[in-house]
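Survey of secondary and tertiary structure
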Amino acid sequence: MRALIAEDNSTTRFLLESTLTEWGYQVTATSDGAEAWQELQRERTPELILLDWKMPGMDGIEVCRRLRQLPAARTAHVILVTARGGKEDVVAGLEAGANDYITKPFEPSELRARLQAGARIVELQNNLADRVRELENALARVKQLHGLLPICAYCKKIRDDHNYWQQVEAYITSHSEAQFSHGICPHCYDQVVEPELQRLKHEVAVGPEVTVANSPA
C-alpha cells in the first residue's frame, strides 16, 4: 500500500520514511505542505497519508481540507501528526477531514497499529466501492419494459417495434432479463386440461372406432 509523508523536520521525515519502508509501504516523502499537495494531485492518490500539522507555508490542516475536495482521494486515510493533544485541536483536525491523529513523540508500535487500522479501513472502502460499481453496471444492463404494448385481444401476441407479432414469452425475454418456466393455472386446468384427460380416458376405454364400408354387390 502506498503512503505519503509530509514532514518539514528532516530527521523525523527520514525516520518515518525508513520505518514505513521497512514495514512494506511504498513511501513518498515531502518536506512541506505545498510539496505534499503537488504530489496528492497526481492521478493516483496514496492510500495512507501522514501529515505534520505545523509546517511552513501550507500546514497539514490546509492540505487535508484541499485533499478532501479531490474525488479520487475520498478513500484516502489521513493521519495528522501533531504535538497538540487538546480536544479542540483534535476536533479541528477531524473537521478538516482527517481520519486519525497521533501526538508527538509517539512510539513506533502505536504508529504501526494506526497505519494498519487505516489500511484495513481503506481496503474495506475499496471493496465496497467495487461492489457498488458492480451493482451500477448490473442495473445499467437491465432492460426495462415501459409504455403501451399493443397486444392481440384474441391470441395475446404482442406487436414489436418492427410491426412483427410475437408470443408474450418471446417479447418479454427479448426486452428484459426475465426467463419463463411454464405451468398450468387452475382455470385452464379445469376448462382445458381436465376435459382433454377425460376424452383420452374415454377413447382408451372404448377403443378406436372402426368403420366398415359395404362392398358393392
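Our structure is the block above this text.
Just so you know, these numbers come straight off a predicted model, no measurement behind them.

With that settled, consider unusual backbone geometry. A cis amide bond, omega -10°, links Lys104 with the succeeding residue Pro105. With respect to the helices and strands, the residue Pro105 is situated in the loop between strand 5 (100-103) and helix 5 (108-141).

Our focus in this paragraph is the pairing of strand 3 (residues 48-52). Along a regular strand, successive side chains alternate from one face of the sheet to the other. Buried residues dominate strand 3, accounting for five of its five residues. Of the two faces of strand 3, the one lined by Leu48, Leu50 and Asp52 and the one lined by Ile49 and Leu51 are each fully buried. Across four bridges, strand 1 (residues 2-6) lies against strand 3 in parallel orientation. Across the sheet, Leu4 pairs through a bridge with Ile49, a residue of strand 3. One ladder, built from five bridges, connects strand 3 with strand 4 (residues 77-82); its direction is parallel.

Bringing the environment of Asp100 into the picture now. Note that Asp100 resides in strand 5. Placed 20 residues apart in sequence, Asp100 and Leu80 show a C-alpha to C-alpha distance of 6.4 Å.

Right, let's talk about the environment of Arg44 for a bit. Counting through the fold element by element, Arg44 comes out in the loop between helix 2 (33-40) and strand 3. Taking C-alpha positions, Arg44 is 19 Å from Leu115, a pair spaced 71 residues apart along the chain.

Moving on: the nonpolar core. In terms of nonpolar packing, the biggest core is built from 20 residues, with Leu40, Ile49, Leu51 and Val78 touching the most fellow members. Looking at this core, the elements that each hand over two or more residues are strand 1, helix 2, strand 3, helix 3 (60-67) and strand 4. Ranked by the residues each element gives to this core, the list is headed by helix 3, at four residues. Once residues within four sequence positions are removed from consideration, Leu51 is found in contact with Ala6, Gly60, Val63, Cys64, Val78, Ile79, Leu80 and Val81. If you look at the next biggest cluster of nonpolar residues, it comprises 14 residues, including Ile5, Tyr25, Leu48 and Val81.

Rules behind the numbers
Residues numbered from 1 in each chain as written. Predicted model: local features only at pLDDT ≥ 70, side-chain atom pairs only at ≥ 80, totals over all residues. Heavy atoms only, no water. Helix = DSSP H or I, 4+ residues; strand = E, 2+ residues; numbered from the N terminus. Buried < 20%, exposed > 50% of the residue type's maximum accessible area, 1.4 Å probe, protein only. Pairing = 2+ DSSP bridges. Core = buried A, V, L, I, M, F, W, Y, C linked by side-chain atoms within 4.5 Å. Contact = heavy atoms within 4.5 Å.

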